[in-house]
Amino acid sequence: MGNAFDFQPDISSAATIPSRCYTDPAFLALEEERVFCRTWQLVGRTDQVAESGQFFTAEIGDESIVVLRDGAELRGFHNICLHRAGPVAHGCGKRQTLQCRYHGWTYGLDGRLLHAPEMEESAGFRASDFRLIPVQVAAFGPLLFAMIDAGAPPLSHFLGDIPERAARFHVDELRWVMRKSWTVRCNWKVYVDNYLEGYHIPVVHPSLHKEIDYGEYRVEPHRYWSLQHAPLRPVAGAAADRKYVPAEAGDQAQYYWLFPNVMLNVYQGQMQTNVVLPRGHGECEVVFEWYSATPPADASTDAQWTKLVAFSDEIQDEDIEICEQVQKNLRSRAYDRGRYSAAREVGVHHFHSLLHEFL
Ligand code: FES
Ligand SMILES: [Fe+2]
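Asker: Could you clarify how one ought to interpret the sheet that holds strand E6 (residues 97-99) in this entry?
Answerer: Within a beta sheet, neighbouring strands are joined by backbone hydrogen bonds and run either parallel or antiparallel to one another. The antiparallel open sheet is built from three strands, whose spatial order is E6-E7-E8. The open sheet has two edge strands, E6 and strand E8 (113-115), and neither has a second partner. When strand polarity is set aside, the average angle formed by the axes of neighbouring strands in this sheet is 35 degrees. Taken together, the two bridges between strand E7 (residues 106-108) and E8 define a ladder with antiparallel strand orientation. The residue bridging Tyr 107 from the neighbouring strand is Leu 113, located in E8.

Asker: When you look at the pairing of strand E3 (residues 63-70) in this model, what are you seeing that I'm missing?
Answerer: The side chains of a regular strand alternate between both faces of the sheet. Bridging between strand E2 (residues 54-60) and E3 involves six bridges; their strand directions are antiparallel. Residue pairing across strands places Phe 56 opposite Val 67, the latter belonging to E3. Here E2 folds back onto E3, and the loop between the two strands holds two residues, one of which, Gly 61, carries a positive phi near 55 degrees. Bridging between E3 and strand E4 (residues 73-78) involves six bridges; their strand directions are antiparallel. When the bridges of E4 are listed, Val 66 appears paired with Phe 77.

Asker: Help me out: how do you make sense of the domain arrangement of the protein in this one?
Answerer: Often, the extent of an interface is quoted as the loss of accessible area upon association of its parts. Partitioning the protein into structural domains gives domain 1 (41-156) and domain 2 (161-358). Each of domain 1 and domain 2 was reduced to a C-alpha centroid, and the two centroids are 33 Å apart. The partner domain 2 presents 16 residues to the nine residues of domain 1 that form the contact. For the pair domain 1 and domain 2, the summed buried area comes to about 1000 Å², and 73% of that belongs to carbon and sulfur atoms. For domain 1, the biggest contributors to the area lost against domain 2 are Leu 42, Arg 45 and Phe 140; these three give 47% of the whole. Applying the counting criterion to the domain 1 and domain 2 interface returns one salt bridge. Across the pair Glu 289 and Arg 45 runs a salt bridge whose closest N-O atoms are separated by 3.7 Å. At the junction of domain 1 and domain 2, the tally comes to one residue pair in polar contact (both at pLDDT 80 or more). Secondary structure elements with two or more residues in the side of domain 1 that touches domain 2: strand E1 (41-45) and strand E10 (143-147). Across the side of domain 1 that touches domain 2, the residue classes tally to five nonpolar, two polar and two charged.

Asker: Please explain the coordination of the iron ion (ligand 2) as it appears in this structure.
Answerer: Octahedral metals with six donors have ideal donor angles of 90 or 180 degrees. Tetrahedral metals with four donors have an ideal donor angle of 109.5 degrees. For the iron ion (ligand 2), the full set of protein donor atoms is His 200 (NE2), His 205 (NE2), Asp 319 (OD) and Asp 319 (OD), at a range of 2.0 to 2.6 Å. Here the iron ion (ligand 2) binds four donor atoms, and the angle range of 55 to 150 degrees at the metal identifies the geometry as irregular. Site description for the iron ion (ligand 2): donor spacing in sequence, H-x4-H-x113-D. You'll find His 200 and His 205 in the same group, each marked buried.

Asker: Would you explain the sheet that holds strand E15 (residues 262-267) in this entry?
Answerer: Here seven strands make up an open sheet; going across it, the order is E11-E17-E16-E15-E14-E13-E12 and the pairing antiparallel. Only two strands of the sheet have a single neighbouring strand rather than two, namely strand E11 (175-184) and strand E12 (218-221). Taken over all neighbouring pairs, the strand axes of this sheet differ in orientation by 15 degrees on average, direction set aside. With four bridges joining them, strand E13 (residues 225-229) and strand E14 (residues 254-258) adopt antiparallel strand pairing. Residue pairing for E14: Leu 227 is matched across the bridge by Tyr 256. Packing against the sheet, helix H8 (residues 303-330) makes contact with E11, strand E16 (270-278) and strand E17 (284-292), and its axis sits at approximately 25 degrees to E11.

Asker: Any chance you could explain helix H5 (residues 188-195) here in plain terms?
Answerer: In an α-helix, one full turn covers 3.6 residues, which means residues spaced three or four apart are oriented alike. For H5, the tally of buried residues reaches eight of eight residues, placing the bulk of the element in the interior. The set of residues buried in H5 consists of Trp 188, Lys 189, Val 190, Tyr 191, Val 192, Asp 193, Asn 194 and Tyr 195. N-capping of H5 is provided by Asn 187, with a side-chain oxygen placed 2.9 Å from the backbone N of Lys 189.

Asker: Just to check I follow, could you spell out the packing of aromatic side chains for this structure?
Answerer: Any two aromatic rings considered together are summarised by their centre-to-centre distance and by the angle between their planes. Using the criterion set out here, one finds 16 aromatic pairs in the structure. Chaining the aromatic ring pairs together yields one cluster made of Phe 36, Phe 158, Trp 188, Tyr 224, Trp 257, Phe 259, Phe 351 and Phe 358. The residue whose ring lies beneath Lys 189 is Tyr 22, and the NZ or CZ to ring-centre distance is 5.0 Å. If you follow Arg 344 out to its NZ or CZ, it ends over the ring of Tyr 214, 3.8 Å from the centre.

Asker: When you look at the packing of H5 against H8 in this model, what are you seeing that I'm missing?
Answerer: To characterise two packed helices, one gives the angle between the axes of the helices and the distance between these axes. Relative orientation of the contacting elements H5 and H8 amounts to 130 degrees, with a least axis distance of 10 Å. Here H5 lies oblique to H8, going by the angle between them. Between H5 and H8 lies a crossing whose hand is right-handed. Between H5, through Val 190, Tyr 191 and Asn 194, and H8, the contact on the second element is made entirely by Gln 316, Asp 319, Ile 322, Cys 323, Val 326, Gln 327 and Leu 330. Within the contact of H5 with H8, the residues separate by chemical class into six nonpolar, three polar and one charged.

What counts and what doesn't
Residues numbered from 1 in each chain as written. Chains lettered and ligands numbered in written order. Predicted model: local features only at pLDDT ≥ 70, side-chain atom pairs only at ≥ 80, totals over all residues. Heavy atoms only, no water. Pairing = 2+ DSSP bridges. Helix = DSSP H or I, 4+ residues; strand = E, 2+ residues; numbered from the N terminus. Axes fitted to C-alpha atoms, helices over the stretch in contact; angles between N-to-C directions. Domains from an automatic or database assignment. Contact = heavy atoms within 4.5 Å. Buried area = accessible area lost by both parts, 1.4 Å probe. Salt bridge = Lys/Arg side-chain N within 4 Å of Asp/Glu carboxyl O. Polar contact = N/O pair within 3.5 Å; in protein donor to acceptor, adjacent residues only side chain to side chain. Nonpolar A, V, L, I, M, F, W, Y, C, P; charged D, E, K, R; others polar. Donors = N, O, S within 2.8 Å, 3.2 Å for Na, K, Ca; no water. Tetrahedral: all angles 85-135°; square planar, octahedral: opposite > 155°, others 65-115°. Buried < 20%, exposed > 50% of the residue type's maximum accessible area, 1.4 Å probe, protein only. Phe/Tyr/Trp six-rings, centres within 6.5 Å; stacked < 30°, edge-to-face > 60°. Lys NZ or Arg CZ within 6 Å of the ring centre and 35° of its normal. Parallel < 35°, antiparallel > 145°, perpendicular 65-115°, else oblique. Left-handed = near helix turned anticlockwise from the far one by under 90°.

Printed below as a string of structure tokens:
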């Protein structure tokens with residue numbers, strides 16, 4: 001595809017990216033190759049591999065991987081047997097070896113081939129020459145990330161100083177509470193673009209607009225991520241009609257976006273992760289997972305959690321509706337590119353600059 005699209009680094013004179021980036025299946029294939037296989041992807045949680053031998057499988061773009069714990073080591077491999085490409089793991093579980101579901105080649109948790117039946121007559125074949133192809137894995141708090149490109153820099157390089165900035169929220173101590181997912185009929189980037197600006201809040205989210213101090217809304221772009229600050233409006237008089245009540249002055253949430261498709265919404269004692277997974281060029285799956293320092297016994301019946309999730313659902317429904325309409329319109333012959341608000345769409349422009357860089 002050559003140069004995927006032309007890009008203007010100065011937002012004040014830039015045009016948005018062409019509509020075909022959102023509607024062309026060939027463009028998604030390019031993104032899988034150059035974006036999803038070259039960035040750290042949120043694939044699971046550390047509690048899923050707490051004990052040696054625990055494993056789970058995950059998909060990154062069109063690649064299947066397996067993540068496991070081997071003693072103290074977290075490891076990741078392509079879920080591909082070196083014989084004739086059968087899968088070495090399914091779903092999740094706990095085992096001391098991985099056995100291919102096709103002809104039974106058996107691998108250790110370190111990826112080494114331990115046993116391959118009936119290979120004695122194959123000249124020069126030595127099991128010890130074979131090892132599952134590794135992928136990089138790394139944890140941040142309870143979150144497990146994986147990277148297909150074995151030569152790419154570590155997770156810490158991409159996270160930069162997020163761990164220090166988020167330190168006061170004690171992300172390490174948070175435990176998983178619940179998961180919810182949506183299938184959204186839009187290209188994954190339409191959803192990400194929408195997340196990265198507060199510009200639409202007054203029109204799309206009237207109830208959220210009442211809660212936040214829109215004038216103070218800020219976006220800080222960093223190398224591979226950005227941070228949005230959406231301070232709550234000061235509470236005047238009775239707080240009874242407010243959905244969020246700041247616990248103390250300066251009690252702010254941090255909204256991190258990690259290129260290309262991960263959002264970490266961090267609050268005091270709580271975190272919500274959003275992952276946007278392409279499902280074809282015109283559809284994506286959006287997965288929300290909630291974490292808490294004090295998980296409820298049952299989030300589905302807990303009054304505080306039911307209220308929290310209901311408000312999150314209201315915002316999500318409003319976002320989904322506008323994103324699906326935008327996707328439909330991006331297919332129109334009447335539209336190709338627009339302009340950015342230099343005041344409000346710094347985060348979207350930053351995302352597009354990274355996309356341009358990786359493609
Ligand atoms: S493909 Fe795995 S043992 Fe044959
Ligand atoms: Fe929104």
